[in-house]
Amino acid sequence: MKNIFSLLFLLSTSFMLSQIKGTVKDTNGNPLPYVNIYVENTYIGTTTNENGKYELNYTASKNVSLLFQYLGYKTQKQILNISQFPYEFDVTLQEEDFQLNEVIVQNGINPANEIIKKAIANKKINADKTDKFEADFYSRGIFRVKDIPKKIMGIDVGDMEGSLDSTRSGVIYLSETVSKIKFEKPNNLKEEIIASKIAGDDNGFSYNTALNTNYDFYENYVNFGINMVSPIADNAFNYYKYKLESTFYDDKNQLINKINVTPKRDKEPVFEGYIYIVEDTWAIYGIDLDIKGYRMQQPILETMKLIQNFSYNTEEKLWVKNVQSLDFDAGIFGMKFTGKFTHVFSNYKFKKNFEKKTFGKEIVTFAENANKKEDSFWQTTRPVPLTEEESKNYTKKDSIQTIRKSKTYLDSIDAKSNKFKFFDIISGYTYKNSHKNWNLSYQGVLNFSSLSFNTVQGWNLDSGFSFRKWNEETGKFTSINSTFNYGFAEDRLRVIGRFYHRFNNKNYANFSITGGSTVSQFNSNEPIPNFVNSVSTLFFKNNFMKLYNKEFAEINYGQELVNGIFINGKLSYENRHALFNNTDHSIIKSDDIYTSNDPLQPYNYTSGFEKHSIYKANLSTRIRFGQKYISRPDGKINIQNDKYPVLSFAYEKGFGGTNSNYNYDFVAARIDYDKTFGNKGEFSANVRGGKFFNADNISFIDYKHFNGNQTHVNFRGNYLNAFNLLPYYTNSTNDAYLETHLQHNFKGYIMNKIPLLNKLQWNLVGGFHQINVPNTKPYQEFSVGFDNIGFGKFRFLRIDYVRAYQNGFQGDGIMFGLRF
C-alpha cells in the first residue's frame with residue numbers, strides 16, 4: 001500500500017512539473033516581453049515575462065506544435081519532440097517582412113478606411129463567435145513608486161512596509177491570482193479564485209480578478225473610467241484617421257493588415273497606435289494602443305499602453321484573446337508611479353448557452369484556503385514566470401512580514417511611538433498596541449484643525465479621547481470616543497460621547513449609541529460647513545449659520561438585510577432650546593451688523609423658540625436593484641448595477657413631545673439614477689419627495705429644510721443634493737414637497753471639438769434644480785458651467801453661472817466649486 005501511494009505521488013509530481021520553458025529573443029539577442037505562446041489549435045497558452053522568459057504547463061509527452069506570436073514579428077511554429085519534463089526550448093523571432101504599399105491612396109480611396117469599414121460591418125459576427133465561454137484566468141499586477149517623500153502633507157509615510165529603499169523607491173504592490181471564469185457578453189461573470197497571493201501579506205486576498213478586464217474593442221466604447229471610443233466603433237470615422245502601414249501573412253497564410261490609428265482631435269476620449277485586422281474575416285488579430293491620461297480625464301496618469309494578442313484555432317475557426325497587458329506610468333509632486341497588469345486566458349470552452357442559474361448576483365468567490373497555496377503550486381501553475389525583480393520582492397516582503405508581524409517587533413515599534421512628550425499635552429497623543437490591534441488617542445488641547453468661528457460661540461475648538469479596536473480577518477470594529485467642544489465667547493463646554501460597533505464585513509451590521517450636548521444647525525444636513533461659515537462671518541459679516549442647543553441621546557442599528565437592501569433604525573431623544581449671538585467680532589471691520597440667530601426673523605435678537613423636548617423613531621431603507629457582489633473571506637464588496645435607479649424610503653415619527661402639537665408623522669422617498677451616454681457624458685438625477693401628517697404646529701426644527709447656499713462656494717461637491725442660490729430656510733415646509741436635481745456632465749463632449757477651447761480640457765456641465773411645495777410657486781434654478789478647470793495635473797475648480805426663479809426672476813450669480 002505504501003508503495004502504491006509513493007508511485008501515485010511520483011506520478012502526480014511528474015504531472016505537476018510538466019513544463020515547457022525557455023526564453024524568446026529577437027535577432028539582436030534582446031528578450032521579447034509578452035510574446036503569445038500557445039499549442040496549435042488549442043486554447044492552451046502562456047506569455048513571456050518582461051525578461052522574455054516563458055513557462056507552459058503542458059502534460060502530453062509527445063510531439064507538440066507550438067506557436068510563438070508577437071506583434072511586429074513573424075509567427076514561428078516549432079514542433080517539439082518532448083521526451084521528458086521540464087523541457088527547455090529557446091526561440092529567436094525575426095521581424096515581420098512587411099509589405100509596404102507604394103500608393104497609400106488610389107483614386108481618392110484610402111485602403112485603410114475600406115478595411116476599417118469592413119471590420120465595423122463584421123464586428124457583431126466576430127464578437128458573437130466568442131460571446132459565451134469558460135476559461136482559466138491568470139492575473140498579475142505590480143505597482144512601483146519612485147522618489148516618495150518621507151512626509152506627505154505632514155503625515156509620516158515611513159518605508160511602506162519595507163517597500164522603499166534608500167532612494168525612496170521600490171515595489172509597493174505585487175499580487176497574482178489564478179481563477180476559473182464563466183463569461184457571457186456583455187457583462188455576465190462567474191469567477192472562482194483558486195489561488196491568491198500578495199507579496200508581504202500571507203493573509204491577504206488579492207483584488208486582481210477578471211472583473212473589469214474585458215476591454216472589448218468590438219464594442220463601441222471601451223470603459224477606462226470614461227468611455228473611450230473604439231477604433232472600430234460605429235462612429236469611429238468621426239474620431240480617427242487610419243493609415244494602412246503594412247501587411248503580412250501569418251503562419252496560416254492569412255493576410256494581416258497593420259493599421260495605424262491616430263485621433264482627429266487630440267483632447268477626445270480616443271486611442272492611438274495600431275490595430276491589426278485579418279483579411280476576409282475582418283476579425284481583430286491584435287491590439288497595440290496607447291491611452292493618454294488627459295484623454296481619460298485622469299491628469300495624474302501620463303500614459304497607458306494596452307496590448308492584446310489573439311490566436312487562431314483552425315478547427316473552430318475562431319480568433320481568441322490569449323494575452324492582455326496593461327502598462328501605465330503616472331506622477332505628481334515629483335513622485336513617479338509605474339505599473340503593469342498581465343492577464344492570461346487559456347483552456348477556453350465555448351458555449352452555445354449557459355444554464356439559467358449560472359450567473360447570479362455573486363460574481364466572484366474564493367476557494368477555501370485560496371491564499372494558503374504553497375510555493376510549489378505557484379511554480380507549477382503560474383503561466384508567466386516571475387521576473388528577477390518580482391522574485392526578490394516576494395522573498396523580501398515575506399521575510400519583512402515575518403519580522404514585522406512578530407510580537408517582539410510590534411512591541412518595540414510601539415514602545416518608541418508610545419513615548420510621552422511634554423508637548424503632547426498640547427498637540428495630542430496616541431498609545432498603540434499593534435499586536436492586539438487597539439489604540440487610545442487624545443486630540444490635544446489645541447486641535448487647530450477643528451478651530452472655527454460662529455456668532456453664538458465665537459471662536460471654538462474641539463478636543464477629546466478615542467479608543468479603537470479592530471479585527472482584520474472578521475471585519476469587527478469597535479470605537480469609543482468623546483468630543484469636547486468649547487466656545488470662548490459663550491464660555492461654555494459641550495461634550496458628546498459615542499460608542500460604535502461593526503459586527504462584520506459581510507452584511508456590515510452596526511450598532512451605535514450617541515449622546516451629549518451640542519450646537520446644531522436647524523437643518524440637520526448641516527448645509528454650511530464650519531470653514532465656509534467662518535470665512536463668510538469674519539470677512540463678510542454674513543452669519544448664515546443658525547444654531548440651537550441640543551441635548552440628546554440616540555440609539556442606531558443598521559445592516560444589509562439581503563443583497564441590495566439596506567435597513568436602518570434609529571430611536572432618539574432631543575431636548576432643545578434657543579441660542580443667541582454672543583459676539584460681534586469680525587476681521588474685516590464694517591458698519592454692518594450680524595443678523596440674529598433666528599432663521600425666520602433676522603432682526604429678532606431677544607426671543608427664541610420655546611424650549612421643548614421630543615422623542616423620534618426613524619426607519620429607513622435603501623434598495624439597489626440588480627446589485628452584484630464579490631464574496632471575499634474578509635468581507636463582501638458590493639457592486640452597484642448602473643442599469644437601475646437606487647430607491648430610498650423613510651418613515652419618521654415624532655412623539656412624546658413636551659407640547660403634543662410637536663408630535664408628527666413623516667414619510668419620504670428618493671430616487672437616484674446615473675446614466676452614461678456613450679462618450680457624450682453622464683446624466684445624473686436625484687428626485688425626492690415627502691409628506692408630513694398631523695404636523696400643523698410642529699417645531700420649526702423638524703420641518704423639511706432644503707440645502708440652500710448663499711456663500712457662492714461649494715466645497716463638498718454635492719451638486720445633486722443642494723441648491724446654488726437658495727436662501728437656507730425660505731422654502732422650509734411642514735407639508736408635502738417634491739425636490740428635483742438634474743445634471744448632465746458632458747465629460748469633454750462638445751468642448752473637445754471646439755478649436756482652441758479644446759486645449760483647456762474643460763467639461764461643460766448643465767443643471768436644473770426645483771422645489772415644489774403647496775401654495776407656493778416652484779423655486780427653480782438653471783445652471784451652466786465648466787468642470788475640470790485647472791492647469792496641468794491640477795484640476796480642482798468648477799464654475800457655474802446660475803439663474804434662480806420663483807414667481808419671476810429672483811437673481812443670478814456665480815458658484816465656485818472646489819474638489820481635491
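Please refer to the structure higher up on the page.
What you see is a predicted model; the values in this text were computed from it and never measured. (Residues numbered from 1 in each chain as written. Predicted model: local features only at pLDDT ≥ 70, side-chain atom pairs only at ≥ 80, totals over all residues. Heavy atoms only, no water.)

Draft legend 1. Looking closely at the pattern of salt bridges. A complete count under the given rule lists 43 salt bridges for this structure. With a closest N to O distance of 3.5 Å, R144 and E50 form a salt bridge. Within this pair, whereas R144 is found in strand β9 (residues 132-146), its partner E50 is found in the loop between β3 (45-47) and β4 (53-57), the two being separated by 94 residues in sequence. You can call R144 buried: its relative accessible area is 18%. (Salt bridge = Lys/Arg side-chain N within 4 Å of Asp/Glu carboxyl O. Helix = DSSP H or I, 4+ residues; strand = E, 2+ residues; numbered from the N terminus. Buried < 20%, exposed > 50% of the residue type's maximum accessible area, 1.4 Å probe, protein only.)

Draft legend 2. Layout of empty space enclosed by the protein. A complete count under the given rule lists four cavities of 30 Å³ or more for this structure. Around the largest cavity sit 16 residues that line it, and K267, Q297, G748, N752 and Q761 are the ones nearest its centre. Its residues assigned to classes, the lining of the largest cavity shows six nonpolar, six polar and four charged. Size it by volume and the second largest cavity reaches roughly 50 Å³. What lines the second largest cavity is Y34, N49, E50, R140, G141, I142, K340, T342 and E390. (1 Å grid on protein atoms, 1.4 Å probe; cavity = no way out; pocket = protein on both sides within 12 Å on 5 of 7 lines; lining within 4 Å. Points joined across faces, edges and corners; volume = space filled by probe spheres on them. Nonpolar A, V, L, I, M, F, W, Y, C, P; charged D, E, K, R; others polar.)

Draft legend 3. Up close: a nonpolar patch on the surface. The grouping of F420, F422, F423, I425, I426, V445, L446, F448, L451, W459 and F488 at the surface amounts to a nonpolar patch, some 1100 Å² of accessible area in total. Sorting the residues of the nonpolar patch by element identifies α6 (424-427) and β26 (447-454) as the ones contributing at least two each. With respect to the helices and strands, the residue I426 is situated in helix α6. Owing to a relative accessible area of 35%, I426 belongs among the partly exposed residues under this scheme. (Patch = residues over 30% accessible without salt bridge, like charges linked within 9 Å, V, L, I, M, F, W, Y side chains within 5 Å. Areas by Shrake-Rupley, 256 points an atom, 1.4 Å probe, with all protein chains shown as cover.)

Draft legend 4. Spatial organisation of the sheet that holds strand β2 (residues 36-39). Strand order in the open sheet made by the four strands is β3-β2-β5-β6, with antiparallel pairing throughout. Every interior strand has two partners, whereas the edge strands, β3 and β6 (76-81), have only one. Here the strands of the sheet are splayed against their neighbours by 20° on average, with no regard to which way each runs. Pairing between β2 and strand β5 (residues 63-69): four bridges, direction antiparallel. Note on β5: the bridge partner recorded for V39 is L66. (Pairing = 2+ DSSP bridges. Axes fitted to C-alpha atoms, helices over the stretch in contact; angles between N-to-C directions.)

Draft legend 5. Structural view of helix α7 (residues 530-540). Considered for burial, the residues of α7 that qualify are V532, N533, S534, S536, T537 and L538. Contacts from the buried residues of α7 go to β26, β27 (458-470) and β39 (713-714). A positive backbone phi angle near 60° is found at K541, which sits one or two residues after α7. (Contact = heavy atoms within 4.5 Å.)

Draft legend 6. Inspection of the environment of N775 at higher detail. Take N775: it is sitting in the loop between β41 (763-772) and β42 (779-791). Classification of N775 as exposed rests on a relative accessible area of 82%. Spatially, the C-alpha atom of N775 lies 63 Å from that of L174, the residues being 601 residues apart in sequence.

Draft legend 7. Spotlight on unusual backbone geometry. Omega for the bond connecting F85 with P86 falls within 30 degrees of zero, at -5°, which places this linkage in the cis form. Note the cis peptide between K185 and P186, where omega equals 10°. As for its position among the elements, P186 is in the loop between β12 (170-184) and β13 (188-198). One non-glycine residue, H712, lies in positive phi territory at about 65°. Turning to its location among the elements, H712 is positioned in the loop between β38 (682-693) and β39. For H712, a relative accessible area of 32% gives the class partly exposed. Of note in the backbone geometry, I750 takes a positive phi value of approximately 80° without being a glycine. Along the polypeptide, I750 turns up in the loop between β40 (736-745) and β41.

Draft legend 8. Representation of the packing of aromatic side chains in the model. Going through the model one piece at a time under the given rule, you end up with 55 aromatic pairs. Each ring, one from F143 and one from F328, has its centre 5.7 Å from the other, and the planes form 35°; the classification is tilted. Of the two residues, F143 is situated in strand β9 and F328 in strand β21 (residues 318-332); the sequence distance between them amounts to 185 residues. Overall, the relative accessible area of 25% leaves F143 in the partly exposed class. Between the aromatic rings of Y664 and F692, the centroid separation amounts to 6.0 Å while the plane-to-plane angle is 55°, which identifies the pairing as tilted. Residue Y664 is located in strand β37 (residues 664-676), and its partner F692 is located in strand β38; the two are separated by 28 residues in the primary sequence. For the pair formed by Y664 and F692, the shared burial category is buried. The ring of F377 has K373 sitting right over it, with the charged end atom 5.3 Å from the ring centre. In this structure, R622 is placed above the aromatic ring of F566, and the distance from its NZ or CZ to the ring centre is 4.3 Å. (Phe/Tyr/Trp six-rings, centres within 6.5 Å; stacked < 30°, edge-to-face > 60°. Lys NZ or Arg CZ within 6 Å of the ring centre and 35° of its normal.)

Draft legend 9. Highlighting the nonpolar core. Counting 55 residues, the largest nonpolar core has F217, F224, Y240, I259 and F271 as its most contacted members. Per element, the largest residue contribution to this core is six residues, and it comes from helix α2 (residues 111-128). Apart from residues lying up to four places away in sequence, I259 is in contact with A112, I115, I116, Y242, K243, L244, E245, G273, Y274, I275 and I277. (Core = buried A, V, L, I, M, F, W, Y, C linked by side-chain atoms within 4.5 Å.)

Draft legend 10. Molecular detail of the pairing of strand β20 (residues 301-313). Note that strand β19 (residues 284-292) and β20 share seven bridges and pair antiparallel. Bridge assignment links G286 to a residue of β20, and that residue is N309. Here 12 bridges tie β20 to β21, and the two strands are oriented antiparallel to one another. Considered in β21, the bridge of M304 is made with F328. In sequence, β20 turns back onto β21 through a hairpin of four residues, with K317 there showing a positive phi of about 55°.

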